[in-house]
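So you can see what is in the structure, the chains are spelled out below.
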Amino acid sequence: MSDTLTAPPAPELHKGLAGVVVDRTAVSSVDAASNSLLYRGYPVQQLAASCEIEDVAYLLLHGELPTPEQRSAFDAELRAARPLAPGLQHVIDLIPTSAHPMDVVRTAISALGAAEPEPSSAPGEHDPADTRRLATRLFGALPAVIAYDQRRRRDLPPVRPRDDLGYSADFLRQVFGREADDQDVRAFDTSMVLYAEHSFNASTFTARVVASTLSDLHSSIVAAVGALKGPLHGGANEAALELLVRVADDGGADGAAAWLDGAFARREKIMGFGHRVYKNGDSRVPTMEEALAGLVDRARASGDSRVDQLAAVYDALAAGVLERKGLKPNVDWPSGFAYHLMGFDTAVFTPLFVASRVLGWSAHVIEQREANSLIRPLSHYDGPALRDVPSRA
Ligand SMILES: CC(C)(COP(=O)(O)OP(=O)(O)OC[C@H]1O[C@@H](n2cnc3c(N)ncnc32)[C@H](O)[C@@H]1OP(=O)(O)O)[C@@H](O)C(=O)NCCC(=O)NCCS
């Protein structure tokens, strides 16, 4: 009897784990039906309007928004972590600037974990207070890593952090070497709030898989960075801006429809559109588009001759993708354009996402450990049937 006939029936597969609920979480909820994203119960739009990223960081790591006293103690912790340690600067210097900035961030987080390993009282036993402290230090330290790498690529000397500025203002100052205006600070802070957490997305799930083996915080975060780098996930903000520029250079808004027809005929994915969970628009987009609109207006007012062309292509592509595929933009669509208008190099967009999402990842590592179960799914084997290794004689 042939093996095909005796093979057991294939079990139901869940490709990409689509629609599978694998665990519970109290960190955030994404509800596609009501188009809502809540961080520990708070709508992300309200957090973006009334809080700074430091408040959101505290909320994600500690479970509640900080009191004024808790906020100032948290600020002190963050600001103490800002300076780039000489050893870490040396590690970055060893990486050629031909490397992608995500590779630099991934390596820097790994080096930070080696320099300050997460304590464990017994193998795999971590005190959540230690994990929160290290996650806070990591969140505080990443702007200097990203800024140092961005500046060395532009042959500019590093800018030391200041401890009298908030997170976003100092981040921008470390990158651009001058104090940013309020509009940039607000828009950047909004992007940080919107990027901080999004339930069981691919990188967060990666962090939880690593944490489920009782590994340490930094190993979980390094793995998550690797998952975020891909263009189907965080890398989409870079890819979205590249697309915008390509279409602007290649016919502009008038050529957008033809470009889309060609791309769909080639079955290409249009970066910055679609989402695994949201099927009727990403809840974060309106808030990010509001910040983007302000940046576009300002660029227009300052005589930026390119911005009108990019803005027209932005709208034409969004309308064209909706008309042809019924797909709406995800948050990477407006954030890529916004980061471009703030002056960041395109390759640094995904590291900016890391700087913020490290909060969500850390909150999930802490939560995974609270009720841990090793994450180890099954697979259905469909390779060759049992056979003997041929004789080598
Ligand atoms: C995010 C993403 C991976 C979600 O994918 P998914 O949940 O697996 O959705 P599917 O791939 O099943 O999409 C369903 C259909 O829409 C199409 N589709 C989805 N996103 C698309 C996109 N961005 N461009 C073109 N077609 C897209 C699929 O090709 C598929 O079409 P088909 O039924 O004719 O085969 C996908 O939308 C994508 O690749 N987007 C671009 C990358 C991006 O912006 N990522 C950031 C996400 S926040």
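Rules and cut-offs
- Residues numbered from 1 in each chain as written.
- Predicted model: local features only at pLDDT ≥ 70, side-chain atom pairs only at ≥ 80, totals over all residues.
- Heavy atoms only, no water.
- Phe/Tyr/Trp six-rings, centres within 6.5 Å; stacked < 30°, edge-to-face > 60°.
- Helix = DSSP H or I, 4+ residues; strand = E, 2+ residues; numbered from the N terminus.
- Buried < 20%, exposed > 50% of the residue type's maximum accessible area, 1.4 Å probe, protein only.
- Patch = residues over 30% accessible without salt bridge, like charges linked within 9 Å, V, L, I, M, F, W, Y side chains within 5 Å.
- Areas by Shrake-Rupley, 256 points an atom, 1.4 Å probe, with all protein chains shown as cover.
- Salt bridge = Lys/Arg side-chain N within 4 Å of Asp/Glu carboxyl O.
- Pairing = 2+ DSSP bridges.
- Core = buried A, V, L, I, M, F, W, Y, C linked by side-chain atoms within 4.5 Å.
- Domains from an automatic or database assignment.
- Contact = heavy atoms within 4.5 Å.
- Buried area = accessible area lost by both parts, 1.4 Å probe.
- Near = heavy atom within 4 Å.
- Polar contact = N/O pair within 3.5 Å; in protein donor to acceptor, adjacent residues only side chain to side chain.
- 1 Å grid on protein atoms, 1.4 Å probe; cavity = no way out; pocket = protein on both sides within 12 Å on 5 of 7 lines; lining within 4 Å.
- Sits in = over half its atoms within 2 Å of the grid points.
- Expected span 1.5 Å × (residues − 1).
- Bend = angle between axes of the 7 residues up to and from the residue.

Student: Describe in detail the packing of aromatic side chains, supporting the description with residues and values.
Tutor: Scanning the model with the defined rule gives 14 aromatic pairs in all. Relative to F171, the ring of Y167 lies with its centre 5.7 Å away and its plane at 85 degrees, an arrangement referred to as edge-to-face. In this pair, Y167 and F171 both sit in helix α8 (residues 167–176), 4 residues apart, roughly one turn of the helix. For Y167, a relative accessible area of 4% gives the class buried. Centre to centre, the rings of F171 and F188 are 5.1 Å apart; their planes meet at 75 degrees, and the pair counts as edge-to-face. A residue pair is termed long-range when its members are at least 10 positions apart, and F171 in helix α8 and F188 in helix α9 (residues 182–195) qualify at 17 residues. Each member of the pair, F171 together with F188, is buried. Linked through ring pairs, F139, Y167, F171, F176, F188, Y339, F344 and F349 together constitute an aromatic cluster.

Student: I'd love a proper account of unusual backbone geometry, names of residues and values included.
Tutor: Backbone geometry places L17, a non-glycine residue, at a positive phi of 55 degrees. Among the secondary structure elements, L17 is positioned in the loop between α1 (3–6) and β1 (28–31). For L17, a relative accessible area of 38% puts it in the partly exposed group. One non-glycine residue, L214, adopts positive backbone phi at about 70 degrees. One can find L214 in the loop between α10 (202–212) and α11 (217–229). Its relative accessible area of 38% is what places L214 among the partly exposed residues.

Student: For a nonpolar patch on the surface, give the residues involved together with the corresponding values.
Tutor: Together, L17, V20 and V22 make up an exposed nonpolar region whose accessible area comes to about 200 Å². You can see V22 is positioned in the loop between α1 and β1.

Student: Give me the lowdown on the sheet that holds β1, citing residues and values where you can.
Tutor: Across the sheet, 3 strands lie side by side as β1-β2-β3; this open sheet has antiparallel pairing. One side of each edge strand has no neighbouring strand; the edge strands of this open sheet are β1 and β3 (42–43). Across 2 bridges, the pairing between strand β2 (residues 36–39) and β3 is antiparallel. Within β3, the position partnered with L38 by the bridge is P43.

Student: Account for the nonpolar core, with residues named and values stated.
Tutor: Among soluble globular proteins, nonpolar side chains are generally buried collectively. Counting residues in each nonpolar core, the largest one holds 98 residues, and the members touching the most others are L317, F337 and F344. The biggest single contributor to this core is helix α17 (residues 349–370), with 10 residues. Per-domain counts for this core show at least three residues from each of domain 1 (25–229 + 347–370) and domain 2 (236–342). Beyond its immediate stretch of four places on either side in the chain, F344 contacts Q150, R154, L172, V175, F176, F188, Y339, F349 and L352.

Student: Which residues make up the domain arrangement of the protein chain, and what values do they have?
Tutor: Entries for the protein chain in the domain assignment read domain 1 (25–229 + 347–370) and domain 2 (236–342). Relative to domain 2, the C-alpha centre of domain 1 lies at a distance of 26 Å. Facing 27 residues of domain 1, the contacting portion of domain 2 comprises 24 residues. Carbon and sulfur atoms make up 59% of the area that domain 1 and domain 2 hide from each other, which totals about 2200 Å². Considering only the surface of domain 1 that becomes buried against domain 2, L194, Y195 and F349 emerge as the three largest contributors, covering 29% of it. Summed over the shared surface of domain 1 and domain 2, the result is 2 salt bridges.

Student: Pulling in residues and values, what's your account of the pairing of β1?
Tutor: The alternating pattern of β1 places S28 and V30 on a buried face, while none of S29 and D31, on the opposite face, is buried. By the bridge criterion, 4 bridges tie β1 to β2 in an arrangement that is antiparallel. Considered in β2, the bridge of D31 is made with S36. The hairpin formed by β1 and β2 contains 4 residues between the paired strands, and N35 there has a positive phi angle of roughly 55 degrees.

Student: With reference to specific residues and values, describe the site of the ligand.
Tutor: Lining the immediate environment of the ligand, one finds 20 residues, of which I270, G272, F273, R276 and N330 sit closest. In this structure, a nitrogen atom belonging to the ligand sits 2.8 Å away from a main-chain N or O atom of I270. Between the ligand and the protein, one listed contact pairs an oxygen atom with a side-chain N or O atom of K325 at 3.2 Å. If the ligand stood free it would expose 850 Å²; the protein chains cover 70% of that surface. A molecule is said to occupy a pocket when more than half its atoms come within 2 Å of that pocket's grid points, and by this definition the ligand occupies the largest pocket.

Student: So what's going on with α17? Residues and values would help.
Tutor: Spanning 22 residues, α17 covers 33 Å between terminal C-alpha atoms, matching the ideal 32 Å at 1.5 Å per step. Residue S356 marks the point of greatest curvature in α17, where the axis turns by about 40 degrees.

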